[in-house]
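# Structural overview
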Amino acid sequence: AEDEVTLFERDMKEFWIQFKISYGTEQNNQTSALRDLCKETLEALSEKWSKKLKEEDVMIDKIHEYNNEILQQSKYIAEKEEQLTEIKSKLNQEEEQQKNLTDSIQELKQELMKKMEIKSSKNKAAKEKLEQVSKIKTLFKEHLALEMRRIPDEQLQFIFRHIDHKDPDKPYVCTLSLNEQGDYEVTSCIPPLDCIAELQLKLRETNNFSAFVANIRKAFTALSYK
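Every value quoted in this text rests on a predicted model; they were computed, and no experiment measured them. (Residues numbered from 1 in each chain as written. Predicted model: local features only at pLDDT ≥ 70, side-chain atom pairs only at ≥ 80, totals over all residues. Heavy atoms only, no water.)

## Quick look at the packing of aromatic side chains
For any pair of aromatic rings, the description consists of the separation of the ring centres together with the inter-plane angle of the planes. To keep things clear, this is the line we draw: Working definition: rings of Phe, Tyr and Trp (its six-membered ring) pair if their centres are within 6.5 Å, and the pair is stacked with planes under 30 degrees apart, edge-to-face with planes over 60 apart, and tilted otherwise. Comment: elements are numbered from the N terminus, with helices defined as DSSP H or I runs of at least four residues and strands as E runs of at least two. Exposure classes here rest on a 1.4 Å probe applied to the protein chains alone. A residue is buried below 20% of its type maximum, exposed above 50%, and partly exposed in between.
Counted according to the given criterion, the structure contains 5 aromatic pairs. On the numbers, 5.5 Å between centres and 45° between planes, the contact of Phe158 with Phe209 is tilted. You can see Phe158 sitting in strand 2 (residues 155–160) and its partner Phe209 sitting in helix 4 (residues 209–224), a full 51 residues away along the chain. With respect to class, Phe158 is no different from Phe209; both count as buried. Taken together, a centroid distance of 5.6 Å and an interplanar angle of 40° make the contact between Tyr184 and Phe209 tilted. One end of the pair, Tyr184, is in strand 4 (residues 184–190); the other, Phe209, is in helix 4, and 25 residues separate them in sequence. An identical accessibility class is assigned to Tyr184 and Phe209; each is buried. By the ring-pair criterion, three or more aromatic residues cluster together here, those being Phe158, Tyr184, Phe209 and Phe212.

The structure is reproduced here in structure tokens:
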């Protein structure tokens, strides 16, 4: 805009210079000649500036078009950035879910392994106890007139004889099993003994199976004299 004002001032100066030269050298010229010169000059200036204004209008329109295109591109870019942000958020959520799933699976594996170890330990303890019973079975039968039988539901039945001096073949029976915790448990006692709960507790505390069987025999013997 500043350059255009400068051009306009320059054109006006040239006009006045021509006007003064014409006026100084041809003072006697007719007024009509001066008026024609002014008219021609003004028409030339008008045409020149009219053309410039049209060019500027075209340029302004192009600038508006460019601005609109830039605005549309900016909106398009903003939409794509928003979509990209949503995709990244979903990916992060899926990664977090995958991590949580992996952690849960790992926890389940560890829990399962721990349970298997506990089960294996219980099975080993139960096997050792049954082996202990099996080893002393012959000894008990030979020296204490004791017969041991394995009956359904993983139970051991102890049949004592030579208890009642009046009837040596009369059986006295105590049935023992292992509960879910791997502890010894008396499931039946014929005839009943008042001290059976105490003997069961002592067996669990000491794990002395031989002493338990001996104490059961003593209790049956004492009962036979009543």
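## What about the packing of helix 3 (residues 196–206) against helix 4?
When two helices pack together, their arrangement is captured by the angle between the axes and the distance separating the axes. The cut-off we apply is this: Here an axis means a line fitted to C-alpha atoms, over the contact stretch when the element is a helix, while the angle between two N-to-C directions is reported on a 0 to 180 degree scale. Each angle gets one of four labels, with under 35 degrees taken as roughly parallel, over 145 as roughly antiparallel, 65 to 115 as roughly perpendicular, and the rest as oblique. Each crossing is labelled by how the near helix is turned from the far one, with a counterclockwise turn of less than a right angle marking it left-handed and a clockwise turn marking it right-handed. It only takes one pair of heavy atoms within 4.5 Å for two residues to be counted as in contact. Under this grouping Gly is polar, as are all residues other than the nonpolar Ala, Val, Leu, Ile, Met, Phe, Trp, Tyr, Cys and Pro and the charged Asp, Glu, Lys and Arg.
Interaxial distance between helix 3 and helix 4 falls to 9 Å at its minimum, and their mutual angle equals 165°. On the basis of the axis angle, helix 3 is roughly antiparallel to helix 4. With respect to the hand of their crossing, helix 3 and helix 4 are arranged in right-handed fashion. Here Ile196, Leu199, Gln200 and Leu203 of helix 3 come into contact with helix 4, specifically with Phe209, Phe212, Asn215 and Ile216. Residues belonging to the contact of helix 3 with helix 4 are distributed by class as follows: 6 nonpolar, 2 polar and no charged.

## Re the sheet that holds strand 4
What counts is decided by this rule: We treat two strands as partners when DSSP finds at least two bridges between them.
The strand order across the open sheet built from 4 strands is 1-2-3-4, with neighbouring strands paired in antiparallel fashion. Where the open sheet ends on each side, the last strands, each with one partner, are strand 1 (146–151) and strand 4. Strand-to-strand twist across the sheet, computed as the mean angle between neighbouring axes with direction ignored, equals 20°. Set on the sheet, helix 3 makes contact with strand 3 (172–178) and strand 4; between it and strand 4 the angle comes to about 155°. Sheet contacts for helix 4: strand 1, strand 2, strand 3 and strand 4; angle to strand 3, the most-contacted strand, approximately 150°.

## Topic: helix 4
Here is the rule: A helix is expected to span 1.5 Å for every residue after the first. The directions considered for the arc run from the helix axis to the C-beta atoms. Under this definition, polar contacts are N or O atom pairs within 3.5 Å; protein pairs additionally need one hydrogen-donor-capable and one acceptor-capable atom, and for neighbouring residues in sequence, both atoms have to be side-chain atoms.
The end-to-end C-alpha distance of helix 4 is 23 Å, a good match for the 22 Å that 16 residues give at a rise of 1.5 Å each. Here helix 4 has its buried residues at Phe209, Phe212, Val213, Ile216, Arg217, Ala219, Phe220 and Ser224. One side of helix 4 holds all its buried residues, which, seen down the axis, span an arc of 160°. The residue sitting at the N-terminus of helix 4 and contributing the capping side-chain oxygen is Asn208; that oxygen lies 3.4 Å from the backbone nitrogen of Ser210.

## Quick look at a negative patch on the surface
Going by this rule: Exposure above 30% relative accessible area and the absence of a salt bridge qualify a residue for a patch, where like charges join within 9 Å and nonpolar side chains (Val, Leu, Ile, Met, Phe, Trp, Tyr) within 5 Å. Here the accessible surface of atoms and residues is derived via Shrake-Rupley with a 1.4 Å probe, and residues count as covered only by protein chains that are part of the display. Only one rule defines a salt bridge in this text: a Lys or Arg side-chain nitrogen within 4 Å of an Asp or Glu carboxyl oxygen. Only four residue types enter the charge count: Lys and Arg as positive, Asp and Glu as negative, with His and the chain ends excluded. A single reference atom marks each charge: NZ on Lys, CZ on Arg, CG on Asp, CD on Glu.
On the surface, a cluster of negative charge is contributed by Asp36, Glu40, Glu43 and Glu47. The topology assignment puts Glu40 in helix 2 (residues 31–144). Note on Glu40: relative accessible area 52%, which makes it exposed.

## Observations regarding the pattern of salt bridges
Going through the model one piece at a time under the given rule, you end up with 4 salt bridges. Where Asp103 meets Lys99, a salt bridge forms, and the shortest distance between an N and an O atom there is 3.2 Å. Taken together, the residues Asp103 and Lys99, both in helix 2 and 4 residues apart, mark about one turn of the helix. The partner of Glu147 in a salt bridge is Arg149, with the nearest N and O atoms 3.0 Å apart.

## Points about the pairing of strand 4
Judged from the 6 bridges that link them, strand 3 and strand 4 form a sheet pairing that is antiparallel. Bridge pairing in strand 4 places Leu178 opposite Tyr184. Between strand 3 and strand 4, which pair antiparallel and follow one another directly, the connecting turn spans 5 residues, one of which, Gly182, has a positive phi of 85°.

## Side note on the nonpolar core
Selection rule: What is meant by a nonpolar core is a set of buried Ala, Val, Leu, Ile, Met, Phe, Trp, Tyr and Cys residues, joined one to another through side-chain atoms within 4.5 Å.
Membership of the largest hydrophobic core comes to 22 residues, with the highest contact counts inside it found for Phe158, Phe160, Leu176, Phe212, Ile216 and Phe220. Only strand 1, strand 2, strand 3, strand 4, helix 3 and helix 4 provide two or more residues apiece to this core. Looking at this core element by element, the count peaks at 6 residues for helix 4. Among residues more than four places away in sequence, those in contact with Phe158 are Leu146, Glu147, Met148, Tyr172, Val173, Cys174, Leu176, Phe209 and Val213.

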